[in-house]
Amino acid sequence: MYRFLLTRQWVILTLVALLLIPTMIWLGFWQLHRHDHRQKLNAVITASLAAKPVPVESLTSVGGAVAHDDIYRRVTAEGHFDTAHELVVRRRTNSDDQVGYHVLTPFVLADGRMLLVNRGWIPSPASQTAFPKIPAPARGQITVTGRLMQDETTAASGIKNVAGLPDRQIMLINSAQVGALLRDSGDSAARSVLGGYVELVSPAPEGGSPRLLPSPKEDTSWIGVGDINLPYAIQWWLFAACVPVGWLVLARREVRDQRRKDGTDTPVTAAESETAAV
């Protein structure tokens, strides 16, 4: 009766089911891991945004890396903007999903070290090769406040670091790469670039351009606002549970069909029922 399980069709179906079950279980744990990572990141962001601003030199150094627990930490720096060596970061979107540039301006500290400051977003000009017109920042010696960020990498961001871009245009904000680019252009201050970069918070630009980058919104709910990873994990595990159930349903249907073909499961007619009753 169960010889059909040895047919080519059922062997393939069984192997596919056996492969799907562990795969879906693994996908569920992968989504759960992403959910846990998001929750831990939210905790770091909450703590960083709630902390008082500190001098940027206390959390990063020349050639150093920004610690994970310090991302989005508010920092201050005293110095002046160097607009002569300003760069733009391509293919960045604003809160309305419009594609444009981020403005990356070197900020030279009083001791000569350089801090990379992301001054915000501007729309893309008609020409993608010409350097766009950018509103100037505050001049002279000033104090800036911003959120400290880690260097961007392709592995972490998914952004490919395209070569051969137009002059003063980049894809990733990476202090080591930007420092090398500025040194090649003759910027002497780029010999000492602090690791990471800062998203500008204040002073606000005149006229609202470049548009300051918004502060991250913290997740406080159980699942997390916009956090779909936990529901996806549960979904994958439900799918994994449905696979053997579906296999059993199909197998029972096949057994029933086989019995009907063999005449061992023929439905009883009304006349036969009356005869049996007499």
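Residues numbered from 1 in each chain as written. Predicted model: local features only at pLDDT ≥ 70, side-chain atom pairs only at ≥ 80, totals over all residues. Heavy atoms only, no water.

**Q** Even after reading the chapter, I still don't get the overall build of the chain, so can you show me in this structure?
**A** Per the secondary structure count, the chain includes 5 helices and 8 strands. Shown N-terminal to C-terminal, the secondary structure of the chain runs as helices and strands in the order α-β-β-β-β-β-β-α-β-α-β-α-α. Dimensions of the chain along its principal axes, counting C-alpha atoms only, are 110 × 40 × 35 Å. In the chain, 69% of the contacts between residues at least 6 apart in sequence involve partners at least 24 apart. Summed over its atoms, the accessible surface of the chain is roughly 16,500 Å², and 58% of this surface lies on carbon and sulfur atoms. (Helix = DSSP H or I, 4+ residues; strand = E, 2+ residues; numbered from the N terminus. Contact = heavy atoms within 4.5 Å. Areas by Shrake-Rupley, 256 points an atom, 1.4 Å probe, with all protein chains shown as cover.)

**Q** Where do I start with unusual backbone geometry in this structure?
**A** Note: most peptide bonds trans; most residues except glycine with negative phi. Between Ser-202 and the following residue, Pro-203, the backbone shows a cis peptide bond with an omega angle of 5 degrees. When you line up the elements, Pro-203 lands in the loop between strand 8 (197-202) and helix 4 (229-262). Note the cis peptide between Ser-209 and Pro-210, where omega equals 0 degrees. Its identity as a non-glycine residue notwithstanding, Arg-168 has a phi of 65 degrees, on the positive side. Mapped onto the elements of the fold, Arg-168 is located in the loop between helix 2 (154-157) and strand 7 (169-170).

**Q** Please clarify how the packing of aromatic side chains should be interpreted in this entry.
**A** Two descriptors summarise a pair of aromatic rings, namely the distance from one centre to the other and the angle between the planes of the rings. Applying the stated rule across the entire model yields 6 aromatic pairs. Ring centres of Trp-10 and Trp-247 lie 5.9 Å apart, and the angle between their planes is 85 degrees; this geometry places the pair in the edge-to-face category. One end of the pair, Trp-10, is in helix 1 (residues 8-50); the other, Trp-247, is in helix 4, with 237 residues separating them in the sequence. A relative accessible area of 23% places Trp-247 in the partly exposed class. Both rings, one in Trp-26 and one in Trp-30, keep their centres 6.4 Å apart while their planes meet at 5 degrees; by these two values the pair is stacked. Of this pair, Trp-26 and Trp-30 both sit in helix 1, 4 residues apart, roughly one helical turn. The exposure class assigned to Trp-26 is exposed, which follows from its relative accessible area of 55%. (Phe/Tyr/Trp six-rings, centres within 6.5 Å; stacked < 30°, edge-to-face > 60°. Buried < 20%, exposed > 50% of the residue type's maximum accessible area, 1.4 Å probe, protein only.)

**Q** How should helix 3 (residues 175-184) be read in this particular structure?
**A** Note that an α-helix has 3.6 residues per turn; residues three or four places apart therefore point the same way. Where helix 3 is concerned, the buried positions are Ser-175, Val-178, Gly-179 and Leu-182. Burial along helix 3 is one-sided: seen end-on, the buried residues are contained in an arc of 100 degrees. Turned more than 90 degrees off the buried face of helix 3, the exposed positions are Ala-176 and Asp-184. In the core, the buried residues of helix 3 are packed alongside strand 3 (87-93), strand 4 (99-109), strand 5 (114-123) and strand 7. Backbone nitrogen of Ala-176 and a side-chain oxygen of the N-cap are separated by 3.2 Å at the start of helix 3; the cap is Asn-174. Of the residues trailing helix 3, Gly-186 is marked for its positive phi of about 100 degrees. (Arc of directions from axis to C-beta. Polar contact = N/O pair within 3.5 Å; in protein donor to acceptor, adjacent residues only side chain to side chain.)

**Q** Sorry, what's going on with the side chain of Asp-187 here?
**A** Mapped onto the fold, Asp-187 is located in the loop between helix 3 and strand 8. It is Arg-191 that comes nearest to the buried, bridge-free Asp-187 among opposite-charge side chains, at 7.9 Å. Residues within four places of Asp-187 in sequence aside, it is in contact with Asp-82, His-85, Met-114 and Leu-182. (Lys, Arg positive; Asp, Glu negative; His and termini not counted. Salt bridge = Lys/Arg side-chain N within 4 Å of Asp/Glu carboxyl O.)

**Q** Help me understand the confidence of the model for the chain in this model?
**A** Atomic detail in the predicted coordinates should be set aside for any region of low pLDDT. Residues with a pLDDT of 70 or more make up 90% of the chain, whose mean pLDDT is 88. Segment residues 218-225: pLDDT under 50, and 17 contacts once partners within four positions in sequence are set aside and those in other chains are kept. A low-confidence stretch, residues 272-278 stays under pLDDT 50, and its non-local contacts, those more than four residues away or across chains, total 2 contacts. (pLDDT = per-residue confidence, 0-100.)

**Q** Would you mind showing me how to read the environment of Trp-237 here?
**A** Position of Trp-237 among the secondary structure elements: in helix 4. Note on Trp-237: relative accessible area 31%, which makes it partly exposed. A sequence separation of 83 residues divides Trp-237 from Thr-154, and the C-alpha atoms of the two residues are 31 Å apart. The residues contacting Trp-237, other than those within four sequence positions of it, are Met-24, Ile-25, Gly-28, Phe-29 and Leu-32.

**Q** I tried to follow the pairing of strand 8 on my own but got confused; where do I start?
**A** If a strand is regular, its side chains alternate between the two faces of the sheet. Here strand 5 runs beside strand 8; their pairing, made up of 2 bridges, is parallel. Bridge pairing in strand 8 places Asn-118 opposite Glu-199. Examined bridge by bridge, strand 6 (residues 142-149) and strand 8 share 5 bridges and lie antiparallel to one another. Across the sheet, Thr-145 pairs through a bridge with Ser-202, a residue of strand 8. (Pairing = 2+ DSSP bridges.)

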